[in-house]
Amino acid sequence: MTKIAIIYHSGYGHTAVVAAQVAQGVTDAGGEAVLLKIDSAAQDFSAILDEATQADAIIFGAPTYMGDISAPLKAFFEASSKVWFTLGWKDKVAGGFTNSLSFAGDKAHSLNSILTLAMQHGMIWVGTGLPPGAHSNSDAAPDVVNRLGYYVGVATQSDNASPEITPPAGDREFARLYGIRITEITKKMKG
Ligand SMILES: Cc1cc2nc3c(=O)[nH]c(=O)nc-3n(C[C@H](O)[C@H](O)[C@H](O)COP(=O)(O)O)c2cc1C
């Protein structure tokens, strides 16, 4: 079975919802989703690095904090230099997602940090493959898929409220469709 690792941090549970939706998409496309949560920048990352190395694709996610990925994912990225030395993730499919409070909030910078890490490892990046969902204020409803108009990876927005209700339905579906897309592309690449 095509195994997709989803490695993410979430301080307050909103990015965890997005990660779960990406995992749902992987499952819906017939893949095996392995959700791997990073708890702190100071943890031992060995088990997560090993799981990732066994996967066919790796999708990385974090909230945007101060205009970039949160520190625990960055610490994991630095720990992945151990794998970089052995080219252990070379030619694996990669993708990324981020969630934040503002509609923009500098989320593009976070996605570019994830993309750069994937390129340093020689991975094969997959973007969202979806057009922007909104071209005017009136179409930017919470149930619109890709309402923020992102191509590089999935960007979602959550209000200052419980992760049970935010990010909204369109963002959740955007994440699920990305899980499907990455699984389908990974399957094709495995032949
Ligand atoms: C330290 C910190 C920095 C933040 N910086 C940003 C930011 O740069 N842009 C933004 O839109 N939201 C920012 N936020 C809001 C978070 O992105 C938002 O609360 C998000 O839902 C958190 O995701 P999580 O629940 O997965 O931790 C910040 C929050 C914190 C705690």
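As the structure is a computational prediction, the values presented were derived from the model and not from experiment.

## Notes on the nonpolar core
Point 1. Counting residues in hydrophobic clusters, the biggest one holds 44 residues, and the most contacted among them are Ile7, Phe60, Leu73, Phe76, Trp89 and Phe97.
Point 2. Non-local contacts of phenylalanine 76, meaning those with residues more than four positions away in its chain, are made with Ile7, Ile38, Phe45, Ile48, Leu49, Phe60 and Trp89.

## What to know about the side chain of threonine 15
Point 1. Among the structural elements, threonine 15 can be located in helix α1 (residues 14-28).
Point 2. Other than its neighbours up to four places away in sequence, threonine 15 contacts His9, Ser10, Gly61, Ala62, Pro63, Phe97 and Asn99.

## Side note on the packing of aromatic side chains
Point 1. For the structure on display, the rule yields five aromatic pairs.
Point 2. Relative to phenylalanine 85, the ring of tryptophan 84 has its centre 5.2 Å away and its plane inclined at 75°; by these criteria the two rings are edge-to-face.
Point 3. Residue classification places phenylalanine 85 among the exposed positions, given a relative accessible area of 64%.
Point 4. Here the aromatic cluster, defined as three or more aromatic residues joined through ring pairs, consists of Phe45, Phe60, Phe76, Phe77 and Trp89.

## Digging into the site of the ligand
Point 1. The immediate surroundings of the ligand are formed by 17 residues, with Ser10, His14, Thr15, Tyr65 and Ser100 found nearest.
Point 2. Between the ligand and methionine 66, the relevant distance is 2.8 Å, taken from a nitrogen atom to a main-chain nitrogen or oxygen of the residue.
Point 3. The separation between a nitrogen atom of the ligand and a polar main-chain atom of glycine 105 is 3.0 Å.
Point 4. Out of a free accessible area of 640 Å², the ligand has 78% covered by protein chains.
Point 5. Secondary structure elements with two or more residues in the shell around the ligand: α1, β3 (57-65) and β5 (93-100).
Point 6. Across the shell around the ligand, the residue classes break down as five nonpolar, 12 polar and no charged.

## Notes on helix α2 (residues 46-54)
Residues spaced three or four apart along an α-helix face the same direction, because each turn holds 3.6 residues.
Point 1. Three or more residues of α2 are buried, namely Ile48, Leu49 and Ala52. Taken end-on, α2 shows its buried residues confined to a sector of 100°, consistent with a single buried face. Opposite its buried face, α2 presents the exposed residues Ala47 and Gln54, each directed more than 90 degrees away.
Point 2. Residues of α2 that are buried sit in contact with β1 (3-9), β2 (32-38), β3, α3 (71-79) and α4 (81-84).

Cut-offs used in this document
- Residues numbered from 1 in each chain as written.
- Predicted model: local features only at pLDDT ≥ 70, side-chain atom pairs only at ≥ 80, totals over all residues.
- Heavy atoms only, no water.
- Core = buried A, V, L, I, M, F, W, Y, C linked by side-chain atoms within 4.5 Å.
- Buried < 20%, exposed > 50% of the residue type's maximum accessible area, 1.4 Å probe, protein only.
- Contact = heavy atoms within 4.5 Å.
- Helix = DSSP H or I, 4+ residues; strand = E, 2+ residues; numbered from the N terminus.
- Phe/Tyr/Trp six-rings, centres within 6.5 Å; stacked < 30°, edge-to-face > 60°.
- Near = heavy atom within 4 Å.
- Polar contact = N/O pair within 3.5 Å; in protein donor to acceptor, adjacent residues only side chain to side chain.
- Areas by Shrake-Rupley, 256 points an atom, 1.4 Å probe, with all protein chains shown as cover.
- Nonpolar A, V, L, I, M, F, W, Y, C, P; charged D, E, K, R; others polar.
- Arc of directions from axis to C-beta.

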